[in-house]
Amino acid sequence: MFRNFSSRTVAVVIALLVAGVLTTFAYLAPTLPTDQAFLAAGITVAACFLLVYLSFEALIFREINGIYSRLEHIKRKEFKKLSNKFLFRPEPLQRIGDEIVEMAERRQQELDELKRLQALRREFLADVSHELKTPLFAAQGFVHTILDEEEDAPEQGMDPATRRKFLQRAAASLDALDTLVQDLVTISQLEKGVIRMRRQRFDLVALVHELFELLEQQAARRGTTLEVFPPHLATQELLVIADRNRIRQVLINLIDNAIKYGREQNGHVVVALTPGRNGVRVAVRDNGAGIAPEHQARIFERFYRVDKSRSRSAGGSGLGLAISKHIVEGHKSTIHIKSVVGEGTTMEFRLPRPKEVK
């Protein structure tokens with residue numbers, strides 16, 4: 001009966017009913033015999049008991065049942081069904097219920113986030129162990145081959161050319177291991193905020209030309225051309241304010257990826273520089289196979305590779321884009337990806353310009 005009433009409505013009804021009963025009793029009591037007066041008093045007590053019991057049933061137990069019901073929704077992660085439950089209500093029990101449900105929802109979301117981070121941690125540790133193991137085992141294999149050869153045939157030994165080749169391969173594996181460790185240290189420091197960006201004025205066009213010279217042989221082996229766009233900027237000065245060494249690291253990663261994953265033979269990598277009022281937009285574009293939408297959201301994660309079959313030497317350690325993302329964010333910017341399968345990929349971000357040249 002009272003389940004759809006608010007606490008105020010129930011209180012008013014009870015007050016009116018009790019007042020009516022007491023008024024009637026007070027009016028009739030002087031003329032009633034003693035036994036009938038006791039009977040009327042008993043009826044009044046019973047009526048008040050029923051009214052109070054029904055009010056508790058309607059208000060308290062209804063709210064408790066509602067709390068349990070909403071907690072079940074949270075356990076099933078049906079948060080959308082709770083969106084209309086958290087409007088301001090004056091009733092104290094309803095406010096308590098809302099607070100309990102809100103707290104339970106926060107705890108459930110925190111638990112889900114902890115589970116997600118735990119899964120990422122396990123994945124990260126598995127990736128790190130694999131990436132460290134590959135160059136370490138390679139170097140170990142080459143060194144032990146040389147030692148075993150010397151031990152089995154000390155009078156003959158391995159010819160100098162073969163020994164040198166094996167040592168060079170072992171050194172290359174150890175260099176790759178060193179690079180991986182350095183990348184891990186760098187990304188850890190970037191995530192902790194230990195590395196500070198040393199901002200300075202420098203010519204962005206000159207930096208791009210410097211990187212083109214560094215990567216031109218790699219591009220030539222892939223049959224890829226490198227270009228600054230628009231062409232008239234290739235001979236001009238374009239000043240920006242940023243950490244030159246860190247932006248150099250970002251551009252090396254982006255251009256290197258564009259060469260690796262771009263089209264082999266007739267590949268084309270463009271570094272487009274677009275000056276504007278809010279700074280310079282830097283975009284690195286290739287005409288390769290592109291990246292499918294389901295991979296684009298994870299492309300900046302550590303050790304994530306679109307093509308799982310690629311080896312470390314072909315695909316890198318998987319840390320380059322993660323490091324680039326943190327460096328760009330350290331410059332109060334964001335790195336974006338635009339990619340269409342079969343057409344190519346563009347990575348872009350913004351850098352500020354000196355105030356006097358804006």
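Thresholds applied
- Residue indices begin from 1 for each chain and proceed along its sequence in written order.
- For this predicted model, a pLDDT threshold of at least 70 governs which residues receive local features, and a threshold of 80 or more governs which side-chain atom pairs are given and counted, while totals over whole chains, interfaces and linings are taken from all residues.
- To obtain the side-chain values, all non-hydrogen atoms of the structure were included, while hydrogens and water were left out.
- UniProt positions are given in the numbering used here, feature names are shortened, and annotations may be inferred rather than shown by experiment.
- Whenever a carboxyl oxygen of Asp or Glu lies within 4 Å of a side-chain nitrogen of Lys or Arg, that contact is scored as a salt bridge.
- Counting from the N terminus, the helices are DSSP H or I runs at least four residues long and the strands are E runs at least two residues long.
- Here, any two strands with at least 2 DSSP bridges between them count as paired.
- Here an angle of 0 to 180 degrees is reported between the N-to-C directions of two axes, which are lines fitted to C-alpha atoms, with helices fitted over the stretch in contact.
- Whether two residues are in contact is decided by their heavy atoms, any of which lying within 4.5 Å being enough.
- One less than the residue count of a helix, multiplied by 1.5 Å, gives the span that helix is expected to have.
- Throughout, bend refers to the angle between the axes fitted to the seven residues that end at a position and the seven residues that start at it.
- Relative accessible area decides the class of each residue, using a 1.4 Å probe on protein chains only: under 20% of the type maximum gives buried, over 50% gives exposed, and in between gives partly exposed.
- Pairs of N or O atoms within 3.5 Å make up the polar contacts considered here, provided that, within protein, one atom can donate a hydrogen while the other can accept it, and that residues adjacent in sequence are counted only when both atoms are side-chain atoms.
- Remark: nonpolar core denotes a set of buried residues (Ala, Val, Leu, Ile, Met, Phe, Trp, Tyr, Cys) joined through side-chain atoms within 4.5 Å.
- Domain delimitation follows an automatic or database domain assignment.
- Roughly parallel here means an angle under 35 degrees, roughly antiparallel means over 145, roughly perpendicular means 65 to 115, and every remaining angle is called oblique.
- What makes a crossing left-handed is the near helix being turned counterclockwise from the far one by less than a right angle; a clockwise turn instead makes it right-handed.
- Throughout, the ten residues Ala, Val, Leu, Ile, Met, Phe, Trp, Tyr, Cys and Pro are labelled nonpolar, Asp, Glu, Lys and Arg are labelled charged, and all others, Gly among them, are labelled polar.
- How sure the predictor is of each residue is captured by pLDDT, a score from 0 to 100.

Taking an unreviewed UniProt entry as the reference, the protein is identified by name as histidine kinase belonging to Hymenobacter ginkgonis. The Catalytic activity (unreviewed entry) comment attached to the protein in UniProt states, word for word, "ATP + protein L-histidine = ADP + protein N-phospho-L-histidine."

A few points about the pattern of salt bridges
Across all of its chains, the model carries seven salt bridges by this definition. A salt bridge links R244 to E210; its shortest N-O distance comes to 2.9 Å. Within this pair, whereas R244 is found in helix 6 (residues 244-261), its partner E210 is found in helix 5 (residues 204-222), the two being separated by 34 residues in sequence. Here K325 ties to E329 by a salt bridge, and the two come within 3.0 Å at their closest N and O atoms. Of this pair, K325 and E329 both sit in helix 9 (residues 320-330), four residues apart, which is roughly one turn of that helix. Within this structure, E210, R244 and R248 form a network of salt bridges that share partners.

Quick word on the sheet that holds strand 4 (residues 267-276)
As summarised here, the arrangement of the five strands in space is 2-4-5-7-6, forming an open sheet in which the pairing is mixed. The sheet is open, and its two borders are formed by strand 2 (224-229) and strand 6 (336-340), each paired with just one other strand. Taking each pair of neighbouring strands and ignoring which way they run, the sheet shows an average axis angle of 15°. Where strand 4 meets strand 5 (residues 279-285), seven bridges bridge the pair, whose relative direction is antiparallel. Bridged to P275 within strand 5 is V280. Where helix 5 meets the sheet, its contacts fall on strand 2, strand 4, strand 5 and strand 7 (344-351), and the angle it forms with strand 2 comes to roughly 165°.

Remarks on helix 5
The first and last C-alpha atoms of helix 5 sit 25 Å apart over 19 residues, in line with the 27 Å expected at 1.5 Å per residue. The sharpest bend along helix 5 comes to roughly 55°, located at L215. When we look at burial in helix 5, the residues that qualify are L204, V205, L207, V208, L211, F212, L215, Q218 and A219. One side-chain oxygen of the residue at the start of helix 5 lies 3.1 Å from the amide nitrogen of V205, identifying that residue as D203.

Concerning helix 9
Buried within helix 9 we find L321, A322, I323, S324, H326, I327 and V328. Tucked into the core, helix 9 has its buried residues touching helix 4 (160-192), helix 6 and strand 7. Directly after helix 9, the chain includes K332, whose backbone phi takes a positive value near 60°.

Examining the side chain of E348
Counting through the fold element by element, E348 comes out in strand 7. Filtering out sequence-adjacent residues up to four positions away, E348 remains in contact with R281, V282, A283, T334, I335, H336 and K338.

Let's talk about the nonpolar core
Grouped together as the largest cluster of nonpolar side chains are 48 residues, with contacts concentrated most on L204, L251, I255, L273 and F349. Of all the secondary structure elements, the ones that give two or more residues to this core are helix 4, helix 5, strand 3 (239-242), helix 6, strand 4, strand 5, helix 9 and strand 7. Counting residues domain by domain, this core receives three or more from each of domain 2 (104-192) and domain 3 (200-352). Once you skip the residues sitting within four places of it in the chain, L251 turns out to touch L204, L207, V208, L211, D256, V282, V284 and F349.

Quick word on the pairing of strand 5
Across the seven residues that make up strand 5, a large majority, five, are buried. From the end of strand 4 to the start of strand 5, which pair antiparallel, there are two residues. Judged from the six bridges that link them, strand 5 and strand 7 form a sheet pairing that is antiparallel. Paired with R281 across the two strands is R350, which belongs to strand 7.

Looking at the packing of helix 6 against helix 9
Relative orientation of the contacting elements helix 6 and helix 9 amounts to 140°, with a least axis distance of 9 Å. Relative to helix 9, the element helix 6 is oriented oblique. Remark: the crossing between helix 6 and helix 9 carries left-handed chirality. Taken together, the residues of helix 9 that come into contact with helix 6 (itself represented by R246, Q249, V250, N253, L254 and N257) are G320, L321, I323, S324, I327 and V328. The residue makeup of the contact of helix 6 with helix 9, split by class, is six nonpolar, five polar and one charged.

Quick notes on the confidence of the model for the protein
Should pLDDT be low for a region, the predicted coordinates there are not to be read in detail. Of all residues in the protein, 66% have pLDDT values of 70 or greater, and the mean over the chain is 76. Element-level pLDDT for the protein is lowest in helix 8 (residues 312-315), with a mean of 48, against a maximum mean of 93 in strand 5. Within the model, the stretch residues 85-90 combines pLDDT values under 50 with 16 contacts to residues more than four positions away or in other chains. Counted against residues more than four places away or in other chains, residues 309-315, with its pLDDT under 50, gives 16 contacts.

Re the packing of helix 5 against helix 6
Put simply, helix 5 and helix 6 touch, their axes get as near as 10 Å, and they point 30° apart. In terms of orientation, helix 5 lies roughly parallel with respect to helix 6. Our pair here, helix 5 against helix 6, has a crossing hand that is right-handed. Taking contact as the criterion, the partners of L204, L207, V208, E210, L211, F212, L214, L215, Q218, A219 and R222 in helix 5 are, on helix 6, R244, I247, R248, L251, I252, I255, D256, I259 and K260. Counted by class, the contact of helix 5 with helix 6 contains 13 nonpolar, one polar and six charged residues.

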